[in-house]
Structure formats: C-alpha cells, structure tokens
Amino acid sequence: MAIISVLKYEGDNKTFIWKHPNQDFNTGSQLIVHESQEAIFMQNGEVLDTFGPGKHTLETENLPVIKSIMKLATGGRSAFHAELYFVNLTEQMAIRWGTDSKISYLDPVFDFPLEIGACGEMSLSVSNSSKLLVRLVGTEKVLNQDTLTKYFRAFLMTRAKSIIAQVIQGKNISIFEIDMHLGELSEAVQQKLADDFFDYGVNLNSFMITTVLKPDEDRNYLKFKDLYFRRKSDVMEAELQQKLTLIEQQTKAQSTVMEAEAMAKKRQLEGYTYQQEKGFEVAKEVAQNEAIGQFSNIGVGLGMITGVGGEIGKTVGGVASQAIQSATAPVSQQTAPQMQKRFCMNCGQELSAVARFCEGCGTKVQDSDNCSNCGYAFTNEARFCPICGTKRG
C-alpha cells in the first residue's frame, strides 16, 4: 500500500471513532487533527502516541513511543507500521434508548401489580479515548452511535429497569402521577449509570425518560385509574368550595370595613363621634321608657351617656335627667287624679273630701255610692236613684 503524506478525518458527527484505512506511515507526513478530535497511533492493541487538535508533522521528536519501539532513525524519512484512529470528542445527543421488556413492580400508592415500559434519549461523549479504544473498539474500523448502544444495551436494560422500579417505590410515586416525575426519574437513572459508562471511557452527559408506557389494556389498572381520578375530582371540588367560602368571607369583611369607614367619614363631616352617636340613641330610648318599670334600662343607658361631652352632652344628659325625675317622683308630687264631688243627701250642699256630717244641716254623710233599694251604682252626684226613685243615702 502506498504511503500517503496527509492524514486526516472529516466524517459525520454520529461517529465516535474512525480507523484510518492505511497502516503504513513515514516521518515527514502531515497529520491534521480538527477541533474536538484526537488522533491515536496503536499497535497490537497498545496505545503508542497521541495527538490533539492542530497540524502536526510526524517526526521522531513527536513520536517518542514509536521511535523507541521501532528504532526509527533520527532525521530523514523513516517508514513505520501502525494503526491510526481518529476520535470524535463532541457530545453526541438524541441517542435513542428503550426497554426491551416490561418493568414489573407494585404501585406504592394503590398496592397493585403493574408492568410498564420506558423509552427516551441520552447524550454521550468520549471521556478517555485510550480506554475506549482498548476496551471496546479492538480491531473495529468504526464505532458509531448504533454500535456503541449495542455494546451497552445489556447492562443498560438491566440496570435502567431496576433503577426505575426502585426510584418509583422509594419516592412513593403513583402510576397516575408518574409523568410529573419524569425529570426526577431521569436524573436518578443517570446518576446510577454514569459510573458504568465511565468505566469504558464514555461520559453519560444526560439520560432522559421521555415516555412511560402504561398498561392501558389491564383491567385492574383501568379500575384503579377510575378510582384515582374520581377521588382527585372530589378533592379538587372540596378545595374549590373552600376557596369560594374564603373569598366570600373576605368580601364580607371588606364590605364591613368599607361601611365602617363610610360611617366614620359621615360622623366627621357632621361633627360628632361614634360615642356621641350612641349617646343620642340611649337618650332617645330613655325618653321613650320613662315608666318605673323601665328604670333598670335607664340605669344601663346612663353609663353610655357619660362619655358624651359639650353642649350635646348637656342636652342628652338633660333629657335623661328629666325622664328619670319624672319616672321616680313621689305620687304626691305628680298630678293627682280629679276627685269626684260629694253632696249632702238632705239639703244638697257640696261636702268637703273629709266631711262625715253636712256642714249645712248636720245630716250624717252616707259613704255608699249604691242605691239602698235596688243597688244601682251612682256615676254622678244625683240625689235620687234613676232606676227606682229612692232617695240617695
């Protein structure tokens, strides 16, 4: 095979490692390594010399291992036999994965058996080129996404399924709420699998569970699904009613405050206080309940009138005092009812209120107001009974 003078790789981004088809090289050749690439010379499965990004001229000075093994002469052009690999160090995203069988576990909330599936995407990058070459590539010419995921499928399926079931149980995640926890599940699986990938020189940069396949054909699942959503609906309805009640109470409280503020503004504009207003009301009640039977009410009201000051206080106090004086005055000081006049039955002379004998003729005063013959009750000062004509007295 002819010895070429320029060595480089310009492949697609889905390839992790590409092996140069030539294995015979010489010093003085140009090695071009692009950004995010690494070039490695190997022989018999052993890493020889490594080159990072840049344009390199292959010389004995930068091929120390090859020079030592192959006894290359210093200076001039020397041929050597080796394998050249170009490694892509960029992060490769959207690599699909999925469980090849169902994940069996007990739902931690409803405690019934379930079988689910899961799938998603992950992103990978090379962390250690030499380790990846030695452990996975071997004599392969290309290591791309499909090849790499096939290498990892066995432990990916076993480990991922076990971790997902453990996280669901440990965090008490119901099957009906599992979609809300996909980020949490993804992070847990990534953390558990990262070391497994790293052992092969690969970084597991992200691991995302995008879909959980639920057992929609399982009758038990459908029964518990209906139960869950009915219970959820009842809880939501109760919470809504509670919020509406709270809003109603708050609205009522605000309305009360607004009414109080409006009344306070009204009193301020009209020039009186709340205490004075109550005094007016008590004075009015006192004036309406002057009777002795309402004296206890009057006493209670006086306590509220005490705080009313100024001219208003005097007026209110005066009204209350007059009412109390009127209610408690002795009978002798109140207006006495008009006494019925009495006359002598013999001579007709008007008698005094305390007279027992007529002052005109000396006849004894009869106290009876009823007719001595028929019992008629006189209603005036008549001297004869209007019924039987008998003389009064």
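Residues numbered from 1 in each chain as written. Predicted model: local features only at pLDDT ≥ 70, side-chain atom pairs only at ≥ 80, totals over all residues. Heavy atoms only, no water.

Student: Whenever I open this one, the overall build of the chain confuses me. Can you help?
Tutor: Secondary structure assignment for the chain yields 8 helices and 16 strands. Counting over 393 residues, the chain shows a buried share of 33%. In the chain, of all internal contacts separated by at least 6 residues, the share reaching a separation of at least 24 is 62%. With an accessible surface of roughly 23,900 Å², the chain has 52% of that area assigned to carbon and sulfur atoms. (Helix = DSSP H or I, 4+ residues; strand = E, 2+ residues; numbered from the N terminus. Buried < 20%, exposed > 50% of the residue type's maximum accessible area, 1.4 Å probe, protein only. Contact = heavy atoms within 4.5 Å. Areas by Shrake-Rupley, 256 points an atom, 1.4 Å probe, with all protein chains shown as cover.)

Student: I'm lost on the nonpolar core in this one. Help?
Tutor: Grouped together as the largest cluster of nonpolar side chains are 52 residues, with contacts concentrated most on Phe197 and Ile209. With 11 residues, the top contributor of residues to this core is helix H3 (residues 145-170). Residues Leu7, Leu31, Ala39 and Ala82 belong to the second largest nonpolar core, which totals 17 residues. (Core = buried A, V, L, I, M, F, W, Y, C linked by side-chain atoms within 4.5 Å.)

Student: Explanation requested: helix H5 (residues 219-270) in the structure shown.
Tutor: An α-helical turn contains 3.6 residues, so a residue and the one three or four places further along point in the same direction. Helix length check: H5, at 52 residues, gives a terminal C-alpha distance of 76 Å against a target of 76 Å (1.5 Å per residue), a fit within 8%. Among the residues of H5, Tyr221, Phe224, Tyr228 and Arg267 are the ones counted as buried. Near the N-terminus of H5, the side chain that reaches the backbone nitrogen of asparagine 220, with its oxygen 2.9 Å away, is that of aspartate 218. Once H5 ends, the next one or two residues include glycine 271, with phi positive near 85°. (Expected span 1.5 Å × (residues − 1). Polar contact = N/O pair within 3.5 Å; in protein donor to acceptor, adjacent residues only side chain to side chain.)

Any functional reading would require information that these geometric values do not contain.
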